[in-house]
Amino acid sequence: MELEISTLLFLLTVAFVAGFVDSIAGGGGILTIPALLSVGIPPTFALGTNKLQASFGSCAATFYYARRGMVSFRLLPILLVFCASGVGSLCVQFVGNALLAKIVPFLLIAFGLYFLFSPKISARENAAQRYGWLVLTLGCIGFYDGFFGPGTGSFFLLALLVLGAYNMIGALAHAKLYNFCTNLASILFFALLGNVLWSVGFVMAIGQFVGGYLGSKVAFTYGTRIIKPLIVSISLLASLKLLIEQYL
C-alpha cells in the first residue's frame, strides 16, 4: 500500500507525539491507531503496523532507563508478557474483541480515578511477597495488549506500583520494558499473517523513537509532577474516546 509523502509526514508527526506521551503515561495508541485508520489503512493492518512503530518508542524508553541502571531484566515476567501478548495477537486476528472494547473504558476510568485520589502513590513501596501476583497480573496485561491494547502502558504502571516494590520512576521504567516485550510479540504474529505495512511502520518508528526518548528524559527529570497528572488525563481521555465509539 503506497501513501503520499504528506500522509507519511502526518503519520510521522503523530508517532512523535504518541511516543512522547506514551513514554510518560501510556496511551500512545489512542493517537496512532485512529491516525492510521484515517488515512485508509484497513483495521487489521492498522493494528499490526501500530505494534511495529510503537515498539520503537518503548525500545527508546527502555534504553533510556536501562542506561541509568533502573531496569531489572527478570526472565520470568519478560517471557510471560511476551508469550501472553503473542497469544492475544493471534486470537484477535480470528476472534472479535467487541465485548472487551465495551468493558475497557470503565477500567480506564477506574484507573484514572485511582491515581487521582491516591496522594501517596509516588512514594509507594510494596512487599516482595506480592511478586507472584505481580507476575500473574503482568501476564494478563500482556494478553490484553496483544488482543486489544488501549491503556496497556498505564495498566503495567499501575500493576507495578500496587503489587511490585517500585516507586513511580522505577515502575515507569519496567512498564516500558514489558510494553516493549508485548509489542515485539505482537509484531511477530501480525507479521506471520501478513498484517504489517513495513514501510509505513518504519517511517512512524522514527517519530516514536525520538518521542519516546525525549519523553523518558522529561519523566526522569520531573518525576511525579508530570507523570501523575498526565496519566490521569490520558486515562480519562482514552475512556471518553472509547465510550463514544462503543455507545454513541
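Here the structure is shown first, and the text comes after it.
Calculation criteria
Residues numbered from 1 in each chain as written. Predicted model: local features only at pLDDT ≥ 70, side-chain atom pairs only at ≥ 80, totals over all residues. Heavy atoms only, no water. Helix = DSSP H or I, 4+ residues; strand = E, 2+ residues; numbered from the N terminus. Buried < 20%, exposed > 50% of the residue type's maximum accessible area, 1.4 Å probe, protein only. Contact = heavy atoms within 4.5 Å. Areas by Shrake-Rupley, 256 points an atom, 1.4 Å probe, with all protein chains shown as cover. Phe/Tyr/Trp six-rings, centres within 6.5 Å; stacked < 30°, edge-to-face > 60°. Lys NZ or Arg CZ within 6 Å of the ring centre and 35° of its normal. 1 Å grid on protein atoms, 1.4 Å probe; cavity = no way out; pocket = protein on both sides within 12 Å on 5 of 7 lines; lining within 4 Å. Points joined across faces, edges and corners; volume = space filled by probe spheres on them. Nonpolar A, V, L, I, M, F, W, Y, C, P; charged D, E, K, R; others polar. Axes fitted to C-alpha atoms, helices over the stretch in contact; angles between N-to-C directions. Parallel < 35°, antiparallel > 145°, perpendicular 65-115°, else oblique. Left-handed = near helix turned anticlockwise from the far one by under 90°.

1. Section: the overall build of the chain
Then, number 1: What the chain contains, in helices and strands, is 10 helices and zero strands.
Then, number 2: Taken from N to C terminus, the helices and strands of the chain fall in the order α-α-α-α-α-α-α-α-α-α.
Then, number 3: Residues classed as buried in the chain amount to 52% of the 248 residues present.
Then, number 4: Partitioning the contacts of the chain with sequence separation of at least 6, the portion at a separation of at least 24 is 83%.
Then, number 5: When the accessible surface of the chain is summed, it comes to about 10900 Å², and 74% of that surface belongs to carbon and sulfur atoms.

2. Some details on the packing of aromatic side chains
Working definition: an aromatic ring pair is given by the centre-to-centre distance plus the angle between the planes.
Then, number 1: As enumerated under the stated definition, the model contains eight aromatic pairs in all.
Then, number 2: Arranged with centres 5.7 Å apart and planes meeting at 90 degrees, the rings of Y64 and Y65 form a pair that is edge-to-face. Per residue, the accessibility class of Y64 equals that of Y65, and both read buried.
Then, number 3: Aromatic pair Y64 and F220: ring centres 6.0 Å apart, planes at 70 degrees, arrangement edge-to-face. Highlighted residues: Y64 in helix α3 (residues 43–67) and F220 in helix α9 (residues 198–222), separated in sequence by 156 residues.
Then, number 4: The exposure class of Y64 is buried, given its relative accessible area of 2%.
Then, number 5: Residue classification places F220 among the partly exposed positions, given a relative accessible area of 36%.
Then, number 6: The structure contains a cluster of three or more aromatic residues connected by ring pairs, namely Y64, Y65, Y213 and F220.
Then, number 7: Taking the ring centre of Y64 as reference, the NZ or CZ of R68 above it sits at 3.7 Å.
Then, number 8: Sitting over the face of the ring of F220, R68 holds its NZ or CZ atom 5.8 Å from the ring centroid.

3. Regarding empty space enclosed by the protein
Then, number 1: Per the counting criterion, the structure on display carries two cavities of 30 Å³ or more.
Then, number 2: Of the voids in this model, the largest cavity is the one considered here, and its volume is about 240 Å³.
Then, number 3: Surrounding the largest cavity, 23 residues form its lining, D22, G29, N50, D145 and G149 being those nearest its centre.
Then, number 4: Secondary-structure elements contributing two or more residues to the lining of the largest cavity are α2 (29–38), α3, α7 (152–163) and α8 (168–192).
Then, number 5: For the lining of the largest cavity, the element with the highest residue contribution is α3, accounting for six residues.
Then, number 6: Looking at the lining of the largest cavity residue by residue, the class counts come to six nonpolar, 14 polar and three charged.

4. A word on the packing of helix α4 (residues 75–92) against α8
Then, number 1: At their nearest, the axes of α4 and α8 sit 8 Å apart, and the two run at 40 degrees to each other. With respect to α8, the element α4 is oriented oblique. Here α4 runs over α8; the crossing is right-handed. Facing α4, whose interface residues are P77, I78, V81, F82, S85, G86, S89, L90 and V92, α8 presents L177, Y178, C181, T182, L184, A185, S186, F189 and F190.
Then, number 2: When the residues that make up the contact of α4 with α8 are grouped by side-chain class, the tally is 13 nonpolar, five polar and no charged.

Such coordinate-based values are descriptive only and should not be taken to indicate function.
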